[in-house]
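Each chain is listed here by its residues.
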Amino acid sequence: MLSLATRSPSLDTPNDFAEAARLLHGIAMETPTPACLRCCLTIVEYLFLNGRARAALQVADDAVACANAVGDDAANRRALNLRGVVYVDAGDYPGAIESYAAALEYAERLPDLSLAASVWNNLGVAFIQTAAYRDSIACLDRAVELLAGDERPASRWIVLAARGNIALCHLHLEEYGAGLRSIVQAIESGGEPSSPSELVQRTTAEATYARLLIEAKAYATAKERAALAKQFASTSRLDRAEFEAAIAEGLVEVHNGQADIGLSRLARVLERARAQRGVLRDALIAMVKAHEAASKHDIALVYLRELMMHTGEVRKENALFHHRLHLDRLERRRASEPSTTVDRVMEHHESALRHKLAKQVARQEMVRARIEMLERLAITAELRDDATGEHCFRVGRLASLLAQEYGCDDDTCAMIDLAARLHDIGKVGVPDGILLKRGRLNEAELSLVRAHATIGAELLAQSHEEHLKLAEDIARFHHEWWNGNGYPFGIGETAIPLGARITALADVFDTLTHDRAYRTARTPQDALDEILRLKGKQFDPQLTDLFVAMVPRLQREVGDLDAHLALAAGESTFIRARRKIADTLRKASASGVQGPPAGPLARE
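Residues numbered from 1 in each chain as written. Predicted model: local features only at pLDDT ≥ 70, side-chain atom pairs only at ≥ 80, totals over all residues. Heavy atoms only, no water.

Peer 1: Explain the packing of aromatic side chains residue by residue, including any values.
Peer 2: Using the criterion set out here, one finds two aromatic pairs in the structure. Judged by centre distance (5.9 Å) and plane angle (45°), the rings of F477 and F489 are tilted. With F477 in helix α25 (residues 469-477) and F489 in the loop between α25 and α26 (498-512), the pair connects residues that are 12 residues apart, well separated along the chain. Judged by centre distance (5.6 Å) and plane angle (75°), the rings of F509 and F547 are edge-to-face. With F509 in helix α26 and F547 in helix α28 (residues 541-558), this residue pair connects regions lying 38 residues apart in the sequence. Of the two residues, F509 and F547, both sit in the buried class. (Phe/Tyr/Trp six-rings, centres within 6.5 Å; stacked < 30°, edge-to-face > 60°. Helix = DSSP H or I, 4+ residues; strand = E, 2+ residues; numbered from the N terminus. Buried < 20%, exposed > 50% of the residue type's maximum accessible area, 1.4 Å probe, protein only.)

Now the structure itself:
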């Protein structure tokens with residue numbers, strides 16, 4: 001019935017699928033079967049293709065649970081891969097990366113290498129969304145390697161998609177020569193498109209080609225590729241393809257001496273994009289670049305501010321949605337358990353002292369579980385500065401150790417550890433181009449970066465979690481200075497909350513001692529010297545003295561300070577997934593083995 005509804009949809013089809021998803025939830029949990037799995041996957045695909053990714057989240061989870069019960073490698077790969085696609089579209093990029101990492105475990109065991117290549121390509125797309133472009137390129141290269149020598153049409157289009165995405169990464173990294181080489185290889189890989197999906201892929205590739213040629217100042221050739229993009233988009237009759245082609249055409253016109261025509265075209269694209277918010281970010285980026293090229297920097301700044309506002313709103317709204325969804329899942333899990341954590345501990349520990357300890361541990365575990373989704377978002381925001389994703393964990397641990405030195409009780413230290421991990425969560429609202437800029441930021445860009453403190457605090461405040469008040473204060477005030485010269489409010493001394501004063505020291509030390517896009521790392525001693533120089537200016541004098549004495553002692557006691565401070569990162573499912581992906585890529589690189597031509601193409 002569902003397959004028939006997909007082929008011949010009616011006005012009732014969305015309601016039919018929603019009702020089917022509701023009924024399947026119970027069945028998938030109680031009596032998972034291959035037929036139940038097929039129904040789940042059909043529903044997920046329908047909802048996703050019709051722009052209802054959020055509505056597909058629960059049934060995507062059901063599909064994964066069902067596939068796991070069925071116990072088939074191909075089914076597990078497909079369910080996990082499809083869930084990753086849905087998670088990306090719904091804005092849960094850490095969840096998508098975790099799903100793809102799990103899908104790879106099954107895909108690598110299957111004889112058809114195109115199935116693994118498809119996962120690697122999707123993983124690369126997820127990393128692009130988090131601006132982890134180097135990670136993305138590594139994953140996309142793996143997809144291409146697996147299909148070396150495979151001339152099947154479907155495999156050729158996977159290679160085109162992967163190489164096109166590699167070119168897009170190089171475009172973002174301003175590596176235009178490498179990007180041009182990749183996009184030429186991409187277009188040569190695919191052949192002539194025929195299906196709608198192939199037409200969209202070719203349109204995107206041609207649009208990327210045109211944008212790379214613009215950066216290489218090959219404007220005449222860029223105009224030719226933009227015309228091809230427009231042709232393929234027109235044949236596809238799909239909004240997304242026509243949108244990509246129009247952006248490329250408008251940018252080409254601006255750079256070919258037709259600024260008024262190009263800006264007018266891009267303005268029309270932007271108006272359409274405001275009605276389709278999923279593509280608004282790309283339209284705003286194009287408007288910023290076009291007005292900069294036309295030397296209209298004041299107008300470019302206006303669009304840059306709108307871009308930041310939009311980015312912040314979308315990521316904030318996504319974060320809150322997934323955070324509340326996570327809390328709902330925790331509540332359902334808690335309700336299904338026969339007793340609470342405290343009850344179970346109390347069955348074995350009857351003394352009053354142990355009762356108090358059990359409640360303290362249970363409270364910490366509850367807070368830890370409730371902030372898990374926000375923590376994953378904070379890691380994602382930090383990936384643009386720290387490829388390991390461990391910065392927030394190191395800052396949290398270092399802040400908790402300083403709080404201990406200051407005399408805070410164990411419960412407060414534990415809360416600071418968790419809360420300080422979210423100190424830069426507001427960076428989700430800052431455009432990638434600004435955070436990844438290699439040169440110095442101008443005043444306008446600097447003001448946009450500084451807004452991350454307010455964005456982060458507002459995001460945490462809107463989660464309506466009483467346990468996040470400490471995290472909210474840290475996010476809002478950790479860039480305030482002791483002498484009142486900080487931001488966002490310019491308050492000073494003890495008006496700055498203690499947690500924020502503590503976290504400021506930990507954050508600056510860790511940032512100084514690790515590479516960033518705009519500078520190389522300093523030694524720990526150089527960082528401590530800089531912190532000591534700013535004692536009484538940027539930092540609380542008493543906390544500064546404690547900190548500069550504590551760090552050398554820790555180095556003597558633990559040896560590898562980074563590894564010690566990042567121990568908690570090993571508990572993060574997201575960090576574990578990233579490490580698993582990196583390990584798989586290292587093993588593939590070390591073996592030097594590329595995939596042989598695959599067998600018959602499996603049906604997706």
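Peer 1: Tell me about the nonpolar core, and please be specific about residues and values.
Peer 2: One finds Y100, W120, L123 and I581 to be the most contacted residues of the largest nonpolar core, which totals 71 residues. Listed in part, the 48 residues of the second largest apolar core include L180, A205, L213 and A290. (Core = buried A, V, L, I, M, F, W, Y, C linked by side-chain atoms within 4.5 Å.)

Peer 1: Explain unusual backbone geometry to me, and be specific about the residues and the numbers.
Peer 2: Here the bond from Y487 into P488 is cis, since omega is 15°, no more than 30 degrees from zero. Within the secondary structure, P488 sits in the loop between α25 and α26. Positioned with a positive phi, S295 is a non-glycine residue whose angle comes to about 60°. In this fold, S295 is placed in the loop between α15 (280-293) and α16 (297-336). The residue E493 is not glycine, and still its phi comes out positive at about 50°. According to the relative accessible area criterion, E493 is partly exposed, its value standing at 46%.

Spatial relationships are all this shows, so hold off on functional conclusions.
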